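What follows is the residue order along each chain.
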Amino acid sequence: MEQHHTRVLIIGAGPAGYTAAIYAARASLNPIMLMGPQPGGQLMITTDVENYPGFADTIQGPWLMEQMLKQAEHVGVKCHYDIVTDIDVSKRPFVCRTDRNVVYTADSVIICTGAQAKWLGLESEKKYRGFGVSACATCDGFFFKNKIVAVVGGGNAAVEEALYLTNHAASVVLIHRKDKLRAEKILQDRLLKNTKISVIWNREIHEVLGDNNPPSVTHLQLKDPLGALAEKIAVDGLFIAIGHSPMTQVFQGKIQLDLEGYIITNQRLETSVPGIYAAGDVQDKIYRQAVTAAGQGCMVALEIERFLANKEC
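Let me sum up the structure you'll find in this document. What you see is a predicted model; the values in this text were computed from it and never measured.

Overview of the packing of aromatic side chains
Now for step 1: With the rule as written, the count across this model stands at five aromatic pairs.
Now for step 2: With a centroid separation of 5.7 Å and 80° between ring planes, the pair formed by Phe 55 and Trp 63 is classed as edge-to-face.
Now for step 3: Here Phe 142 and Phe 143 contribute two aromatic rings whose centre-to-centre distance is 6.1 Å and whose plane-to-plane angle is 80°, an arrangement assigned as edge-to-face.
Now for step 4: With relative accessibility at 42%, the residue Phe 142 sits in the partly exposed group.
Now for step 5: Using a relative accessible area of 27% as the deciding quantity, one classes Phe 143 as partly exposed.
Now for step 6: One aromatic cluster is present, built from ring pairs that chain together Tyr 52, Phe 55 and Trp 63.

Focus on the state of the cysteines
Now for step 1: Using the criterion set out here, one finds one disulfide in the structure.
Now for step 2: Residue pairing for Cys 136: its cysteine sulfur links by disulfide to Cys 139, the two sulfurs lying 2.2 Å apart. Note on the Cys 136 and Cys 139 pair: the S-S dihedral is about 70°, so by sign convention the disulfide is right-handed.
Now for step 3: According to the relative accessible area criterion, Cys 139 is partly exposed, its value standing at 24%.
Now for step 4: Unpaired in terms of disulfides, Cys 79 finds its nearest cysteine sulfur in Cys 112, a separation of 13 Å.
Now for step 5: The closest cysteine sulfur to the non-disulfide-bonded Cys 112 is located on Cys 298, 12 Å from its own sulfur.
Now for step 6: Given the relative accessible area of 7%, Cys 112 is considered buried.

Digging into the packing of helix α5 (residues 156–165) against helix α6 (residues 185–193)
Now for step 1: At a minimum axis separation of 10 Å, α5 and α6 run at an interaxial angle of 35°. Between α5 and α6 lies a crossing whose hand is left-handed. Residues Asn 156, Val 159, Glu 160, Ala 162 and Leu 163 of α5 lie in contact with α6, whose contacting residues are Leu 187, Arg 190 and Leu 191.
Now for step 2: Its residues assigned to classes, the contact of α5 with α6 comprises five nonpolar, one polar and two charged.

Rules used in this analysis
- Residues numbered from 1 in each chain as written.
- Predicted model: local features only at pLDDT ≥ 70, side-chain atom pairs only at ≥ 80, totals over all residues.
- Heavy atoms only, no water.
- Phe/Tyr/Trp six-rings, centres within 6.5 Å; stacked < 30°, edge-to-face > 60°.
- Buried < 20%, exposed > 50% of the residue type's maximum accessible area, 1.4 Å probe, protein only.
- Disulfide = S-S within 2.5 Å.
- Axes fitted to C-alpha atoms, helices over the stretch in contact; angles between N-to-C directions.
- Helix = DSSP H or I, 4+ residues; strand = E, 2+ residues; numbered from the N terminus.
- Left-handed = near helix turned anticlockwise from the far one by under 90°.
- Contact = heavy atoms within 4.5 Å.
- Nonpolar A, V, L, I, M, F, W, Y, C, P; charged D, E, K, R; others polar.

Laid out in structure tokens, this is it:
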């Protein structure tokens, strides 16, 4: 059986994981990074990125992740394309097993597995993802200045996205499959008082319609709760706001998670198990930005360095 030992094992390869790896490598901790099922995370399905500091021109999400990978490899990070299937946190060194039957032992672990947006599951939604369909208003709202956009959802996230989009869009349509929202009352009041927002009740999205050259969203075909086709509305963009799912299945019962499955950490990004830390969207359900994830990656690597020094590993 193939085995590896490292002082720092990083699980996940997004902005948090790459940054943690770069800092750990520069501290001579010789980290190993397990890339997981989707190296690069959600930025791999993000086209134009304008809010990551350091770039005067628009960059592409996959390109940014490629550059982070190259930088990590340049400073000596060992990047393994493995997926963790089990972890033993009962004692140090921690033991991780992967889908290739490889065993990794580690004096410390940084979990950066991220979170995935919940999608509607439509083929047409997938077709226009990154070309008018988004799951992040903060990331992509700027591209819809003075345009018409729709938000689907009924919780706090959907209402907050709709309110945020009024800073850019000419008008916002909130589409909800029920006749009342789940969001907090104060958010509902703000939404309903905003003259740039209208609400379509008791409707779901049947299909996303658009052009192909270049790819762009033009309309949404709606349906009623029973599945019958309803109205078709003209929009320039669609924002899915029905929640996120943290990638923490393998850690259930091993470290403390909240009711939504996010890893619980303290201010130093320590989990409930000493020596195991978490950074990025796997523990952050508020900001969910590449730059905040990268910042946490830096923080957690510095914390790991102190932890290992104190333990004299």
